[in-house]
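Read off the chains here:
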Amino acid sequence: MPEKASERALYLDSKLENQAAEIKLPRFKEVLAHLRVYLSKQNLELGLENNIQQILKTVVKPNLGIITVGPPFDKGPTESHFKMPFGARLSFGITLREGNGACSLIAYRFHIQMGGGSKPAFYRFDLNERRHDTPLVEPRCHVHPGRDDIRLPFPVLGPIEVLDRIFYVIAAR
Amino acid sequence: MAEFISQAAFEIGRRLELRGLDAESWLIVIGPAEREPEALDTFLLELGATIDHPVRVIQIEDQSTSKISQTLREPAADTVILTGFGVFTPAIWREWDLGRSRLERPGAIILWLTSATLSEFCANAPNIRGFVGGSIFRLSQSGSAMTDSEISERIRELESHYQMSSDQMIERAAKGELSAEPQIAEWLILLGRGDLI
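Residues numbered from 1 in each chain as written. Chains lettered and ligands numbered in written order. Predicted model: local features only at pLDDT ≥ 70, side-chain atom pairs only at ≥ 80, totals over all residues.

Regarding the overall build of chain B
So, step 1. A tally of regular secondary structure across chain B gives nine helices and six strands.
So, step 2. A compact globule built from 197 residues should have a C-alpha radius of gyration of about 16 Å, whereas chain B, at 23 Å, is more than 25% larger.
So, step 3. Counting only C-alpha atoms and orienting by the principal axes, one finds that chain B spans roughly 70 × 30 × 30 Å.
So, step 4. Here chain B, with 197 residues, has 31% of them falling under the buried criterion.
So, step 5. Sequence separation of 24 or more characterises 79% of the internal contacts of chain B that already satisfy a separation of 6 or more. (Helix = DSSP H or I, 4+ residues; strand = E, 2+ residues; numbered from the N terminus. Rg over C-alpha atoms; globule rule 2.2 N^0.38 Å. Buried ≥ 20, exposed ≤ 12 C-beta atoms within 10 Å, placed from the backbone. Contact = placed C-beta atoms within 7 Å.)

Below, the structure is given as structure tokens:
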């Protein structure tokens, strides 16, 4: 591994770490409410028939919570995916820590599986729970451009901001 | 008592938007009998996010219309959810019905009722009932919590993908031997082992 490249990656990863720490979200119930409304609006505007009440799921433990749509890994279409136009499907998982009336990001994964033979076949935005030993190959926050073994650093975003990129940038093409 | 349409907060908000948020609107939302404060809090959050417009809750208790009209006008154009009608007697409803003109305002008024208070309202406030018309909705339950079987199924998927049992995963997590993939954090929380995050 080239020494200087790995040093540069380490420096960038520390900045991603700081970004993650700086994102402050409202309390869990409010994050959930905003996601539910966001997906409902997309459902309406795109003329889709996803049952948001049914597919948006949570697990809440003392001061930790998960918000999910779809399965933990995309291995094919399921009833729990958010179905999008042109055969695409969305699944995600967001892990939050709640304290003092606010949430901080622990990890997330947003996977959009494209339909109709699109290339790349999928995009996945991952925020890992912590830094990797070799951030050049696995930055803490990264995007997979259609391959599980390629991870390109990506800014740490709030959940709605990631969904904006999925709905208004990727799926809109 | 007639059955009413079940609607989520988003759908109720859309109705308000279609009418115009500065149009005088009366709606009734029938909330659940159980865990009412939590349901109202969720409704408030989702309605506010849907219409992107100020929404506030006013606890009525046994206030007269003259008292409440002042509160309704400060400000006058937001969306207001009135709650706390459990203490209303038929006499108070009738007083409200007579003084209904004091409640008129440019912003929407949502009466948050239960099935029981709805009956009292319909019996004793026929004129306000006329304002409401067909806009009575039963709030559909958000129901987002994963069931035990859904959690078990999810754990099975994770065990299958990573080719290890949950016990093996916990052991490795405790030693710091696991990857930091988001699904591992989810797995730990599903097992109640968020202490290892």
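After that view of the structure, there is still more to cover.
Some details on the domain arrangement of chain B
So, step 1. By the assigned domains, chain B splits into domain 1 (5-139) and domain 2 (148-196).
So, step 2. Once you take the C-alpha centre of each, domain 1 of chain B and domain 2 of chain B turn out to be 45 Å apart. (Domains from an automatic or database assignment.)

Let's talk about the sheet that holds strand β2 (residues 26-30) of chain B
Residue and element names in this part refer to chain B.
So, step 1. Ordered by their spatial adjacency, six strands build an open sheet running β1-β6-β2-β5-β4-β3, and the pairing between neighbours is parallel. Across the chains shown, the open sheet's two edge strands, defined by having one partner strand only, are β1 (5-7) and β3 (55-59). Put simply, the sheet's adjacent strands are angled 30° from each other on average, direction ignored.
So, step 2. Bridge analysis of β3 against strand β4 (residues 79-83) gives five bridges, and the strand direction is parallel. (Pairing = 2+ DSSP bridges. Axes fitted to C-alpha atoms, helices over the stretch in contact; angles between N-to-C directions.)

Re the nonpolar core
All names here are of chain B.
So, step 1. Counting 82 residues, the largest nonpolar core has V29 and I110 as its most contacted members.
So, step 2. Here this core spans two domains, and each of domain 1 (5-139) and domain 2 (148-196) adds at least three residues to it.
So, step 3. Setting aside chain neighbours within four positions, we find I110 in contact with L27, V29, T79, V80, I81 and L82. (Core = buried A, V, L, I, M, F, W, Y, C linked by C-beta atoms within 7 Å.)

Side note on the packing of helix α2 (residues 28-45) of chain A against helix α2 (residues 36-51) of chain B
So, step 1. Across the interface, α2 of chain A lies against α2 of chain B with an axial gap of 9 Å and an inter-helix angle of 45°. Between α2 of chain A and α2 of chain B, the crossing angle belongs to the class labelled oblique. Note on packing geometry: the crossing formed by α2 of chain A with α2 of chain B is right-handed. Residues K29, E30, A33, H34, R36 and V37 of chain A of α2 of chain A pack against D41, T42, L45, E46, A49 and T50 of chain B of α2 of chain B.
So, step 2. In terms of residue class, the contact of α2 of chain A with α2 of chain B is made up of four nonpolar, three polar and five charged. (Parallel < 35°, antiparallel > 145°, perpendicular 65-115°, else oblique. Left-handed = near helix turned anticlockwise from the far one by under 90°. Nonpolar A, V, L, I, M, F, W, Y, C, P; charged D, E, K, R; others polar.)

Section: the interface of chain A and chain B
So, step 1. Counting residues at the interface gives 31 residues for chain A and 32 residues for chain B.
So, step 2. Among the secondary structure elements, those contributing two or more residues to the side of chain A that touches chain B are α2, β2 (56-61), β3 (64-69), β5 (89-99), β6 (102-113) and β7 (122-127) of chain A.
So, step 3. Here the element with the most residues in the side of chain A that touches chain B is α2 of chain A; it accounts for eight residues.
So, step 4. A class-by-class count of the residues in the side of chain A that touches chain B yields 14 nonpolar, eight polar and nine charged.

So, the environment of I170 of chain B
Residues and elements named next belong to chain B.
So, step 1. Here I170 lies in helix α8 (residues 166-174).
So, step 2. A tally of 17 C-beta atoms within 10 Å means that I170 is categorised as partly exposed.
So, step 3. Discounting chain neighbours no more than four positions away, the residues touching I170 are L191, R193 and L196.

Side note on unusual backbone geometry
So, step 1. Residue P120 of chain A is reached from K119 of chain A by a cis peptide bond, and omega for that bond is -5°.
So, step 2. In this structure, P75 of chain B follows E74 of chain B across a cis peptide bond, with omega equal to 0°.
So, step 3. Counting through the fold element by element, P75 of chain B comes out in the loop between α3 (65-72) and β4.
So, step 4. Residues other than glycine seldom take positive phi values, yet F86 of chain A does so here, at roughly 60°.
So, step 5. With respect to the helices and strands, the residue F86 of chain A is situated in the loop between β4 (82-83) and β5.
So, step 6. Positioned with a positive phi, N100 of chain A is a non-glycine residue whose angle comes to about 55°.
So, step 7. Note on placement: N100 of chain A falls in the loop between β5 and β6.
So, step 8. The exposure class of N100 of chain A is exposed, given the 6 C-beta atoms found within 10 Å.

Comments concerning helix α7 (residues 148-162) of chain B
Working note: α-helix, 3.6 residues per turn, so residues spaced by three or four point in the same direction.
So, step 1. The first and last C-alpha atoms of α7 of chain B sit 21 Å apart over 15 residues, in line with the 21 Å expected at 1.5 Å per residue.
So, step 2. Taken from the residues just after α7 of chain B, Q163 of chain B is the one with a positive phi, measuring 55°. (Expected span 1.5 Å × (residues − 1).)

Comments concerning the packing of helix α4 (residues 90-98) of chain B against helix α5 (residues 115-124) of chain B
Residue and element names in this part refer to chain B.
So, step 1. Relative to each other, α4 and α5 sit at 55°, their axes nearing to 9 Å. Between α4 and α5, the angle is such that the two are oblique. Handedness of the α4/α5 crossing: right-handed. Across the interface between the two elements, P90, W93, R94 and D97 from α4 touch E120, F121 and N124 from α5.
So, step 2. Grouping the amino acids of the contact of α4 with α5 by side-chain chemistry returns three nonpolar, one polar and three charged.

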